[in-house]
Amino acid sequence: MSLRLTRRSILAGAGATLAAPSILNAQAARELVIVSFAGQLQEPHQWLARRMEARHPGLRIRLVPSESQDIVAAIKAAQGFSPFDAMPNGEPPHLIAQRDGYIQKLDAAKVPNAANVVPELMAKSAGFGVPASYSLIGIAYNEKLLKTAPKSWADLWNPEYRGKVAIPRASSNLGLGVLVIAARIFGGSEDNLDPGWAKLQELKPQVGRSPTALLQMLEREEIAIAPIWNNDAAGAAAKGLPIRFVQPDPGPVAIISFMSAVTNTRQPDLVNEWMNDILSAEYQQFAANAPYFFGPTVRGVTVPDAAKAYTPSSPQEVAKLQTVDWGKIAPNRGKIVEQFDRVFAL
Amino acid sequence: MHPVVRRVLHGGGFWPALPAVAFLVVFLVLPMLTLLAFGFVTIERGRIVGDTFTLQHLHSALGDQLIWRLAWRSFYVAVISTVLALVLAYPVAYLFSQTSGIWRTLILIAVISPLLTSALVRTYAWLVILGGRRGLLNQTLLQLGLIDQPLRLLNTDWAVIIGMTQIHLPFMILPLLAVLSGRDRRLEEAARNLGAGRVRTFFTVVVPMSVPAIFAGLALVFAVSYTNFIVPQLLGGGSYSTLAVQVYEQTVVVLDWTRGAVLATILLTSCFVFVYLIVAGGSRLSRWSEIRT
């Protein structure tokens, strides 16, 4: 048998060769794209993803580390053809995502573990997504640079710390939480943030553009003390840095992180399975442990001893947690960010 | 063979440029026009509401003191950084033109090598150098006993200017390098023969010959400095903002695309005006500098 190579047959062969991998991929592989945290805090999601991939041969779970604000911008630009299937959101972006239709309602029948969630936390989801974990905003400080450890939020204004304090920009959940707590402890509220603005301005702080930037400033010893997430402080301490975390009086601010299905996800069943796994006792225990210290949201998961400096474990500690009426803050986020620049960027 | 195909293959007329022009139209001109158009409509939750063209958003931005002050900061930081880049670049380009062999190659590698890494990486390097008590610069000064307390270098205008100057230096050096190394040396010999000293020859012959390159470099470095948002974001800190940073903040963080587009329009338009003025100034001075052999 002779084989005649013509230009046409060569082109056809080359075309088939080039197209084959993508055709096979489309047939065999399914991909779930999930927004996740950056750095070490992504490890619990990685652990869960590998377990789920093992259950579904051919499934690939891609975790995209990003700030939720960048993701919302990408989803918004995609105009209903989101490149993501599920995303975690803190309470403020969770409310905005509901309002703007970027996340879809939970079908609780398809996520049986939702029945194990602490009811007060489930209620905060407003029927969208599941409460995956909670984190605390407290105060982190460098014990090498400060003689006295802070005990309360008001200590940020202690003259001893002057020039060593940083705060986050108000664009992040951390920054919004700090603004609200500053307003509250100096006579304001979610409806009256003016005392908070005035006191933050009086602090003459350095400003971290993001929670990560703030942590890096603390690590580089540009500052000695800052409001920060418990998980970030724990990660820095685990690296051997002299950074300690305080749950300041009258209490740290607790913010729930919800895992939600992005509207029009191509894999609704897999997203439901992912959310169900997020609420499994195994995952919750894994994420609650060192060095992540994500607060558990399902009943029956105990806070490990190692987490006690970072996560409330006694009823008294839980009672001290400060919550924010995000319904009053989240819709004004744009104006708050603009006000921040008027106060600090000029 | 079809006449058009023949013309394309023989490189005649406009046709060989067609793929590049089509690419630029689809991936640069149209997105830019779309972006600019967003500033003249109202966008809510990712969708255009109403169908009326409005100047209200532009009017509101132009009446905002915050925007003017941030635009002023963008301008003076870009001007200082551009002038510093010229001061630092000229000796390097001149040295390149006076050397040969391995030294010339080494200078060229030193100039080009920063371009092989991303601007983000280079900006992070400045964070390590300038950052806090543990920063390289403060550590060195403290160990040498030159300072008692670490200097606050990051999160200042100067951190942004230093970072921008270094990062944009190759854009200033390269045009100067091309012109200075290709200049006609006979003019300098003639000046020396007529009794001019080295310094006078340099300022009256060499510098005027390099005026077109100086202004090309000024235009390039000014444009990239004025519109840069990575360096102010990382080296300026969270309370530092410029017009370019505001475009990013409004578009990606606040998700107010209309405001982001209006600010982008102001940034682009003012940048075009400044670059035009630099180029026009260059043309005027180049006429003065034209030395015919």
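Residues numbered from 1 in each chain as written. Chains lettered and ligands numbered in written order. Predicted model: local features only at pLDDT ≥ 70, side-chain atom pairs only at ≥ 80, totals over all residues. Heavy atoms only, no water.

Visitor: Before we move on, could you go through the overall build of chain A and cite the residues and values that matter?
Guide: When helices and strands are counted, chain A shows 14 helices and 9 strands. If one aligns the C-alpha atoms of chain A with their principal axes, the spans along those axes are about 95 × 45 × 40 Å. Residues counted as buried form 56% of the 346 residues belonging to chain A. Pairs at least 24 apart in sequence give 74% of the contacts found in chain A among residues at least 6 apart. By element, 55% of the accessible surface of chain A is carried by carbon and sulfur atoms, the whole surface being about 14,900 Å². Across chain A, the mean location of the 35 positive side-chain charges is 6 Å away from that of the 31 negative side-chain charges. (Helix = DSSP H or I, 4+ residues; strand = E, 2+ residues; numbered from the N terminus. Buried < 20%, exposed > 50% of the residue type's maximum accessible area, 1.4 Å probe, protein only. Contact = heavy atoms within 4.5 Å. Areas by Shrake-Rupley, 256 points an atom, 1.4 Å probe, with all protein chains shown as cover. Lys, Arg positive; Asp, Glu negative; His and termini not counted. Charge placed at Lys NZ, Arg CZ, Asp CG, Glu CD.)

Visitor: Tell me about helix α13 (residues 243-253) of chain B, and name the residues and values.
Guide: Residue and element names in this part refer to chain B. Within α13, 9 of the 11 residues are buried, leaving the element largely enclosed by the surrounding structure. Considered for burial, the residues of α13 that qualify are Leu243, Ala244, Val245, Gln246, Val247, Glu249, Gln250, Val252 and Val253. Remark: leucine 255 follows α13 within two positions and exhibits a positive phi of approximately 65°.

Visitor: Quick rundown of the interface of chain B and chain A? Include the residues and the values.
Guide: Between chain B and chain A, the residue contacts involve 34 residues of the former and 33 residues of the latter. With both sides pooled, the region where chain B packs onto chain A buries about 3,000 Å², and carbon together with sulfur makes up 50% of that total. Linking chain B with chain A are 3 salt bridges. Residue aspartate 64 of chain B is joined to arginine 342 of chain A by a salt bridge in which the shortest nitrogen-to-oxygen separation is 2.7 Å. (Buried area = accessible area lost by both parts, 1.4 Å probe. Salt bridge = Lys/Arg side-chain N within 4 Å of Asp/Glu carboxyl O.)

Visitor: Give a description of helix α11 (residues 211-226) of chain B that names residues and reports values.
Guide: Under the 1.5 Å per step criterion, the end-to-end length of α11 of chain B is 22 Å for 16 residues, consistent within 8% with the ideal 22 Å. Of all the positions in α11 of chain B, only Val211, Ala213, Ile214, Phe215, Gly217, Leu218, Ala219, Val221, Phe222, Ser225 and Tyr226 of chain B are classed as buried. (Expected span 1.5 Å × (residues − 1).)

Visitor: Please set out the side chain of glutamate 53 of chain A residue by residue, giving values where relevant.
Guide: Residue and element names in this part refer to chain A. Within the element layout of this structure, glutamate 53 appears in helix α2 (residues 43-55). A polar atom in the side chain of glutamate 53 sits 2.9 Å from the side chain of arginine 50. Polar side-chain contacts of glutamate 53 include one of 2.7 Å to the backbone nitrogen of isoleucine 61. Apart from residues lying up to four places away in sequence, glutamate 53 is in contact with Leu59, Arg60 and Ile61. (Polar contact = N/O pair within 3.5 Å; in protein donor to acceptor, adjacent residues only side chain to side chain.)

Visitor: Lay out the nonpolar core in plain terms, naming residues and giving numbers.
Guide: Ranked by size, the top nonpolar core spans 94 residues in total, and within it Ile61, Leu200, Met259 and Trp274 of chain A carry the most contacts. The residue makeup of this core includes at least three contributed by each of domain 1 (23-134 + 257-312) and domain 2 (135-254 + 325-344) of chain A. With 38 residues, the next largest nonpolar core counts Ala93, Leu169, Met172 and Ala244 of chain B among its residues. (Core = buried A, V, L, I, M, F, W, Y, C linked by side-chain atoms within 4.5 Å. Domains from an automatic or database assignment.)

Visitor: Pulling in residues and values, what's your account of the packing of aromatic side chains?
Guide: All names here are of chain B. Scanning the entire structure with this criterion turns up 22 aromatic pairs over all chains. Arranged with centres 4.9 Å apart and planes meeting at 45°, the rings of phenylalanine 23 and phenylalanine 27 form a pair that is tilted. Of the two residues, phenylalanine 23 and phenylalanine 27 are both situated in helix α2 (residues 18-38); the distance of 4 residues between them amounts to about one turn of the helix. Here phenylalanine 23 matches phenylalanine 27 in class, with each residue exposed. Aromatic pair phenylalanine 38 and tryptophan 257: ring centres 6.3 Å apart, planes at 10°, arrangement stacked. A residue pair is termed long-range when its members are at least 10 positions apart, and phenylalanine 38 in helix α2 and tryptophan 257 in helix α14 (residues 257-289) qualify at 219 residues. Residue phenylalanine 38 is classed as partly exposed on the basis of its relative accessible area, which comes to 24%. (Phe/Tyr/Trp six-rings, centres within 6.5 Å; stacked < 30°, edge-to-face > 60°.)

Visitor: Describe unusual backbone geometry, with residues and values.
Guide: With omega at 5°, the peptide bond leading from aspartate 249 of chain A into proline 250 of chain A counts as cis. Assignment of secondary structure puts proline 250 of chain A in the loop between β8 (243-246) and β9 (253-261). Note the cis peptide between alanine 290 of chain A and proline 291 of chain A, where omega equals 0°. Note that proline 291 of chain A resides in the loop between α11 (281-288) and α12 (315-320). Even without being a glycine, asparagine 264 of chain A presents a positive backbone phi close to 65°. Structurally, the position occupied by asparagine 264 of chain A is in the loop between β9 and α10 (268-278). Judged by relative accessible area, asparagine 264 of chain A falls into the exposed class, the value being 52%. At asparagine 155 of chain B, a position not held by glycine, the phi torsion is positive, near 60°. Note that asparagine 155 of chain B resides in the loop between α7 (136-143) and α8 (157-181). Here asparagine 155 of chain B falls in the buried class, since its relative accessible area comes to 13%.

Visitor: Please set out the pattern of salt bridges residue by residue, giving values where relevant.
Guide: Enumeration according to the criterion identifies 26 salt bridges over all chains in this entry. Between aspartate 277 of chain A and arginine 55 of chain A there is a salt bridge, with the nearest N and O atoms lying 2.5 Å from each other. With aspartate 277 of chain A in helix α10 and arginine 55 of chain A in helix α2, this residue pair connects regions lying 222 residues apart in the sequence. Owing to a relative accessible area of 40%, arginine 55 of chain A belongs among the partly exposed residues under this scheme. Beyond isolated ion pairs, a larger network of salt bridges with shared partners links Arg169, Arg209 and Asp341 of chain A together with Glu249 of chain B.

Visitor: Requested: an account of the domain arrangement of chain A, with residues and values cited.
Guide: All names here are of chain A. Per the domain assignment, the segments of chain A are domain 1 (23-134 + 257-312) and domain 2 (135-254 + 325-344). Distance between the C-alpha centres of domain 1 and domain 2: 26 Å. The interface is formed by 22 residues belonging to domain 1 together with 23 residues belonging to domain 2. When the two sides are added together, the surface that domain 1 and domain 2 hide from each other amounts to roughly 1,600 Å², 57% of it contributed by carbon and sulfur. Ranking the residues of domain 1 by area buried against domain 2 places Pro92, Tyr134 and Tyr310 at the top, with a combined share of 35%. Here domain 1 is connected to domain 2 by 0 salt bridges. The tally of links from domain 1 across to domain 2 stands at 4 residue pairs in polar contact (both at pLDDT 80 or more).

Visitor: A description of the pairing of strand β7 (residues 225-229) of chain A should follow, citing residues and the corresponding values.
Guide: Residues and elements named next belong to chain A. With 5 of its 5 residues buried, β7 lies for the most part within the structure. Across the two faces of β7 the burial is the same, with Ile225, Pro227 and Trp229 and Ala226 and Ile228 all buried. Examined bridge by bridge, strand β4 (residues 130-142) and β7 share 5 bridges and lie antiparallel to one another. Note that in β7 the partner of tyrosine 141 across the bridge is isoleucine 225. (Pairing = 2+ DSSP bridges.)

Visitor: Residues and numbers for the environment of valine 337 of chain A, please.
Guide: Tracing the chain through its elements places valine 337 of chain A in helix α14 (residues 333-344). Judged by relative accessible area, which is 3%, valine 337 of chain A ranks as buried. Along the backbone, valine 337 of chain A and serine 172 of chain A are 165 residues apart, and their C-alpha atoms lie at a distance of 9.2 Å. In contact with valine 337 of chain A, other than residues within four places in its own chain, are Arg169, Ala170 and Ser171 of chain A together with Glu249 and Val254 of chain B.

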